[in-house]
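# A structural walkthrough
Here is what each chain is made of, one letter per residue.
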Amino acid sequence: MARPASGASALPLDTILPGECAAAMDALPENSVDLIFADPPYNLQLKGDLHRPDNSTVDAVDDAWDQFDSFAAYDAFTRDWLRAARRVLKPDGALWVIGSYHNIFRVGAAVQDAGFWLLNDVVWRKTNPMPNFRGKRLTNAHETLIWASRSEGSKYKFNYEALKALNEGVQMRSDWTFPICTGHERLKNARGEKAHPTQKPEALLHRLLVATTDPGDVVLDPFFGTGTTGAVARALGRHYIGIEREAEYRDLAAARIADVRPYEAAALKVTTSKRAAPRVPFGQLVERGMLRPGEELLSGNGRFRAKVRADGTLAGEGVMGSIHQVGAAYEGAPSCNGWTYWHFKREGKRVPIDALRQQIRDEMGDPTG
C-alpha cells in the first residue's frame, strides 16, 4: 500500500464514513483501494408529483440529495468525485458506476475526461420495472453500468472463468437480468416505509464483485446508501469502505451489515484460468523424487513408453526431449500436452503425471485448485 498523502488517515477498513464523498475520499490514502462501485445521484429532474392511473401518488425519487440546480452543477459535482476516486484507486484498480438515462451519458463523458479507460458498459435489464404511468414514453426497464480501469495500461482484475461458470459455461454477456429490490431484501425505515428509493439488488453486486475483485480486496462505495455494497462485500470476504452523508442511511447500513455472516473461506474460491496456475516444470517432479530417473512412463493409450532422465527429459525409442516433444513425436503431431499424455504406475494403476504437478501446486496455494 502506498504511504498516505499528507494529512490523510490510515485506511479505515469495514467502516462507514460520514460526510460528502469527495472530501471523505480526499482524506484516504492515495493508491489504496482495489475497486470503486459508485451509485451517484441520478439528477432525475422530476417536476411535481407522479401519479398512477387511479390517482395514487408514486413513491418516486424526490429526495434533496438527488436535486441539482442545473446540469452544470451536476457536472461539477461529478468531476469532483471522479477526481477524488481516481486518486484513491490503486494503479491497477477499476471503477464501476451505475446510472439511468438521466445522467449516465454525462457521467460517461466525465469518466473519460478524468483519465479512466472504458472497458465495458453493462445493461442491467430489470425483470420487474416500474410502468410508465402516463403512457407518454417507453417503460424505462434498464439501467446502465460503466466499467473502467484507472488508466489505459492498468492490469485490472477480471475473473473471466468465474463469470463463465456463473453463466453455465457460456461467456458472460454485457446484458444482465435481475429484478429490482422487493420483498425481504427491500429495507424499511423505523416508520415502516421504503428506506431508500434506489436500493440496488444484492445479486447485482454479487456478480460485480465476483467478476472484478478477489477475497481480501478493498471495495469503496462513495454513495453507500443503505449498504448493499458493504453487505455483499462482507459476505464475500472483501473489505469495504462506505461514504454516506445521511445519518439515517448510515444507521440502517451498519445494522444491516452487522447481520451478515461471511461465507467460509473455502467457498470463496472461484474458477480461474489454468494460465493463472503456478508454473511447475516437469524436472521439479524428478528433483523431488516424485518420479525417479529411469522410471518408465506410458502413453494414455498404452502404446508408447519412455524413461525419465535425471534432467527432466524423456528418452524413448529413437527420440529424446521434453514430455511434450516426445509425446508429439510418437503421435506424429505438431504438439502434445505431455502432462495429460504421460502416465506412471502406482499400485498397478495408471496415474497421469499431471496429478503430481497438481500436488505441488496445492502446496504452493494454487488459486485454481
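This text goes with the structure placed above it.
Residues numbered from 1 in each chain as written. Predicted model: local features only at pLDDT ≥ 70, side-chain atom pairs only at ≥ 80, totals over all residues. Heavy atoms only, no water.

Along the protein, the regular secondary structure elements total 11 helices and 14 strands. Expressed as a percentage of its 369 residues, the buried residues of the protein come to 44%. Residue pairs in contact within the protein that sit at least 24 positions apart in sequence constitute 68% of those at least 6 positions apart. Total accessible area on the protein stands at roughly 19,300 Å², and carbon and sulfur atoms take up 49% of it. (Helix = DSSP H or I, 4+ residues; strand = E, 2+ residues; numbered from the N terminus. Buried < 20%, exposed > 50% of the residue type's maximum accessible area, 1.4 Å probe, protein only. Contact = heavy atoms within 4.5 Å. Areas by Shrake-Rupley, 256 points an atom, 1.4 Å probe, with all protein chains shown as cover.)

The next subject is the environment of leucine 119. Within the secondary structure, leucine 119 is located in strand β4 (residues 117-126). Residue leucine 119 is classed as partly exposed on the basis of its relative accessible area of 21%. Between the alpha carbons of leucine 119 and serine 149 there is a distance of 6.8 Å; along the sequence they are 30 residues apart.

Read across the sheet, 6 strands follow the order β12-β11-β10-β9-β13-β14 without closing on themselves; strand pairing throughout is antiparallel. At either margin of the open sheet sits one strand with a lone partner, and together these are β12 (319-321) and β14 (349-352). Going across the sheet, the axis of each strand differs from the next one's by a mean of 35°, ignoring polarity. Of the pairings in the sheet, the one linking strand β13 (residues 342-346) to β14 comprises 4 bridges and is antiparallel in character. Bridged to arginine 346 within β14 is lysine 349. Docked against the sheet, helix α9 (residues 323-331) engages β10 (305-308), β11 (314-316), β12 and β13, running at close to 150° with respect to β12. (Pairing = 2+ DSSP bridges. Axes fitted to C-alpha atoms, helices over the stretch in contact; angles between N-to-C directions.)

Side-chain direction in a regular strand flips from residue to residue, so the side chains alternate between the two faces of the sheet. Counting buried positions along strand β2 (residues 33-38) gives 6 out of 6 residues, so the element sits mostly inside the fold. Of the strand pairs in this sheet, β2 and strand β3 (residues 89-99) are connected by 5 bridges, and their pairing is parallel. Bridging from a neighbouring strand, phenylalanine 37 pairs with tryptophan 96 of β3. With 2 bridges connecting them, β2 and strand β7 (residues 218-221) associate as parallel partners. Of the residues in β7, the one forming a bridge with leucine 35 is valine 219.

Turning next to the packing of aromatic side chains. Under the counting rule described, the total for this entry stands at 13 aromatic pairs. Residues phenylalanine 224 and tyrosine 240 carry aromatic rings whose centres are separated by 5.8 Å and whose planes lie at 15° to one another, so their mutual orientation is stacked. With phenylalanine 224 in the loop between β7 and α6 (228-235) and tyrosine 240 in strand β8 (residues 239-244), this residue pair connects regions lying 16 residues apart in the sequence. We classify phenylalanine 224 as buried; its relative accessible area is 3%. Assessed through its relative accessible area of 8%, tyrosine 240 is described here as buried. (Phe/Tyr/Trp six-rings, centres within 6.5 Å; stacked < 30°, edge-to-face > 60°.)

With that settled, the discussion passes to the nonpolar core. Most often, soluble globular proteins have nonpolar side chains that are buried together. With 35 residues, the main nonpolar core has Trp96, Leu145, Leu204 and Leu209 as its most contacted residues. The element that contributes the greatest number of residues to this core is helix α5 (residues 202-212), accounting for 6 residues. Ignoring any residue separated from it by four or fewer positions in sequence, one finds leucine 209 in contact with Leu35, Val219, Thr229, Val232, Ala233, Leu236 and Arg238. One finds Val33, Ala148, Val218 and Leu220 within the second-largest nonpolar core, a separate group that totals 31 residues. (Core = buried A, V, L, I, M, F, W, Y, C linked by side-chain atoms within 4.5 Å.)

Read from one edge of the open sheet, 8 strands run β1-β8-β7-β2-β3-β5-β4-β6, paired in mixed fashion. Edge positions in the sheet fall to β1 (15-18) and β6 (175-178), since each has one partner strand and no second. Across the sheet, the axes of successive neighbouring strands diverge by a mean angle of 20°, strand direction being ignored. Judged from the 4 bridges that link them, β7 and β8 form a sheet pairing that is parallel.

To continue, consider α5. With 8 of 11 residues buried, α5 is to be regarded as a mostly interior element. Buried within α5 are the following residues: Leu204, Leu205, Arg207, Leu208, Leu209, Val210, Ala211 and Thr212.

Here the focus is the pattern of salt bridges. Under the counting rule described, the total for this entry stands at 17 salt bridges. Residue arginine 256 is joined to glutamate 202 by a salt bridge in which the shortest nitrogen-to-oxygen separation is 2.9 Å. Linking arginine 256 in helix α7 (residues 247-258) with glutamate 202 in helix α5, this pair joins segments that are 54 residues apart in sequence. Given a relative accessible area of 12%, arginine 256 falls into the buried group. A residue is classified by how much of its surface remains accessible, and glutamate 202, at 32% relative accessible area, is partly exposed. Via salt bridges that share partners, Glu20, Arg245 and Glu246 belong to a single interconnected network. (Salt bridge = Lys/Arg side-chain N within 4 Å of Asp/Glu carboxyl O.)

Okay, the packing of helix α2 (residues 71-88) against helix α3 (residues 104-113) next. Between α2 and α3, the shortest axis-to-axis distance is 10 Å and the interhelical angle comes to 40°. Between α2 and α3, the crossing angle belongs to the class labelled oblique. The handedness of the crossing between α2 and α3 is right-handed. The residues of α3 that touch α2, namely those facing Phe71, Tyr74, Asp75, Thr78 and Leu82, are Arg106, Val107, Ala110 and Val111. Looking at the contact of α2 with α3 residue by residue, the classes come out as 6 nonpolar, 1 polar and 2 charged. (Parallel < 35°, antiparallel > 145°, perpendicular 65-115°, else oblique. Left-handed = near helix turned anticlockwise from the far one by under 90°. Nonpolar A, V, L, I, M, F, W, Y, C, P; charged D, E, K, R; others polar.)

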